[in-house]
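Structure at a glance
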Amino acid sequence: MEVKSTTKYVRLSPKKARDVAREIQGLPVSSALDILTFTPKKAAFHINKTLKTAIADAENNFSLSAESLIVKEAVIGAGPVLKRFSPRAKGSAGAILKRTSHIFITLAEAPEGEPKRKKVNVSPKASKDA
C-alpha cells in the first residue's frame, strides 16, 4: 500500500529543496522526521509538514502504523515562476525569477525481508590494516 501527499505552490526554489528531499529517501519515517527536524533549512520545514500529512493519511485512511512505513519517494517539482523586474543602468530592466515548488512524498510499507537502509561507519581507524 502506498500513501501519497502533496504540497503545491511553496515559495521556495526547487533546486534548494531537492538537497533536503534526497536526504530522507529510503529511510524509515521516524528517522526522516528526526533529520528534517534538525535540518536548518526552509525546505526542511515544508517537507516535514508534507511528511506528517502523509503519515496522518496513512494512519487514519488506510489503518497503517507509522512504525512500518518508509519514505519511498520524495520528489520536488518546479511550480510556476513569478517574474519581477528591477531597474538597471541606462533605462534597462533586469529580470528577477521567484521560483515555486511542488512537494510530492510517497510512503510505502517496509518490506519485512529486506533490512532497512544502514549508515556505513567510515573512520580512519577502521580502514587501516594492522
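Report on the accompanying structure. In this text, all values refer to a predicted model and were calculated from it rather than measured experimentally. (Residues numbered from 1 in each chain as written. Predicted model: local features only at pLDDT ≥ 70, side-chain atom pairs only at ≥ 80, totals over all residues. Heavy atoms only, no water.)

**Notes on the packing of helix H1 (residues 14–24) against helix H2 (residues 29–37)**
Two elements in contact, H1 and H2, have axes separated by 9 Å at closest approach and are oriented at 145 degrees. Remark: the crossing between H1 and H2 carries right-handed chirality. For the pair formed by H1 and H2, the contact residues are Val 20, Glu 23 and Ile 24 on the first element and Ala 32, Ile 35 and Leu 36 on the second. For the contact of H1 with H2, the per-class residue count stands at 5 nonpolar, no polar and 1 charged. (Axes fitted to C-alpha atoms, helices over the stretch in contact; angles between N-to-C directions. Helix = DSSP H or I, 4+ residues; strand = E, 2+ residues; numbered from the N terminus. Left-handed = near helix turned anticlockwise from the far one by under 90°. Contact = heavy atoms within 4.5 Å. Nonpolar A, V, L, I, M, F, W, Y, C, P; charged D, E, K, R; others polar.)

**Some thoughts on a positive patch on the surface**
A cluster of like positive charges, contributed by Arg 11, Lys 16, Lys 41, Lys 42, Arg 84 and Lys 98, occupies part of the molecular surface. Looking at Arg 11, the relative accessible area reads 40%, which means it is partly exposed. (Patch = residues over 30% accessible without salt bridge, like charges linked within 9 Å, V, L, I, M, F, W, Y side chains within 5 Å. Areas by Shrake-Rupley, 256 points an atom, 1.4 Å probe, with all protein chains shown as cover. Salt bridge = Lys/Arg side-chain N within 4 Å of Asp/Glu carboxyl O. Lys, Arg positive; Asp, Glu negative; His and termini not counted. Charge placed at Lys NZ, Arg CZ, Asp CG, Glu CD. Buried < 20%, exposed > 50% of the residue type's maximum accessible area, 1.4 Å probe, protein only.)

**Re the pairing of strand E5 (residues 101–109)**
The element E5 is extensively covered by neighbouring structure, given that 7 of its 9 residues are classed as buried. Where strand E1 (residues 2–10) lies against E5, 7 bridges are found, and the strand directions are antiparallel. When the sheet's bridge partners are listed, Ser 5 is paired in E5 with Ile 105. The pairing of strand E2 (residues 69–78) with E5 spans 9 bridges and is classified as antiparallel. Counted as the bridge partner of Glu 73 is Thr 106 from E5. (Pairing = 2+ DSSP bridges.)

**Observations concerning unusual backbone geometry**
One non-glycine residue with positive phi stands out, namely Tyr 9, at about 60 degrees. Summarising the element assignment, Tyr 9 is placed in strand E1. We note that Ser 63 has phi near 55 degrees; this positive angle belongs to a residue other than glycine.

**What about the pairing of strand E4 (residues 93–98)?**
Note: strand E3 (residues 82–87) against E4, 6 bridges, orientation antiparallel. Paired with Pro 87 across the two strands is Ala 93, which belongs to E4. Counting the residues between successive antiparallel strands, the hairpin from E3 to E4 contains 5 residues, one of them, Lys 90, with a positive phi of roughly 60 degrees.

**Here we look at the sheet that holds E1**
As a general point, the strands of a sheet are linked pairwise by backbone hydrogen bonds and lie either parallel or antiparallel. Read from one edge to the other, the open sheet built from 3 strands follows the order E1-E5-E2, with strand pairing classed as antiparallel. A strand with exactly one partner marks an edge of an open sheet, and here the two such strands are E1 and E2. Between one strand and the next, the sheet's axes are offset by a mean angle of 15 degrees, whatever the strand orientation. Docked against the sheet, H1 engages E2 and E5, running at close to 170 degrees with respect to E2.

**Side note on the side chain of Asn 48**
Within the secondary structure, Asn 48 is located in helix H3 (residues 42–62). Residue classification places Asn 48 among the buried residues on the basis of a relative accessible area of 11%. Setting aside residues no more than four positions away along its own chain, Asn 48 makes contact with Leu 33, Leu 36 and Thr 37.

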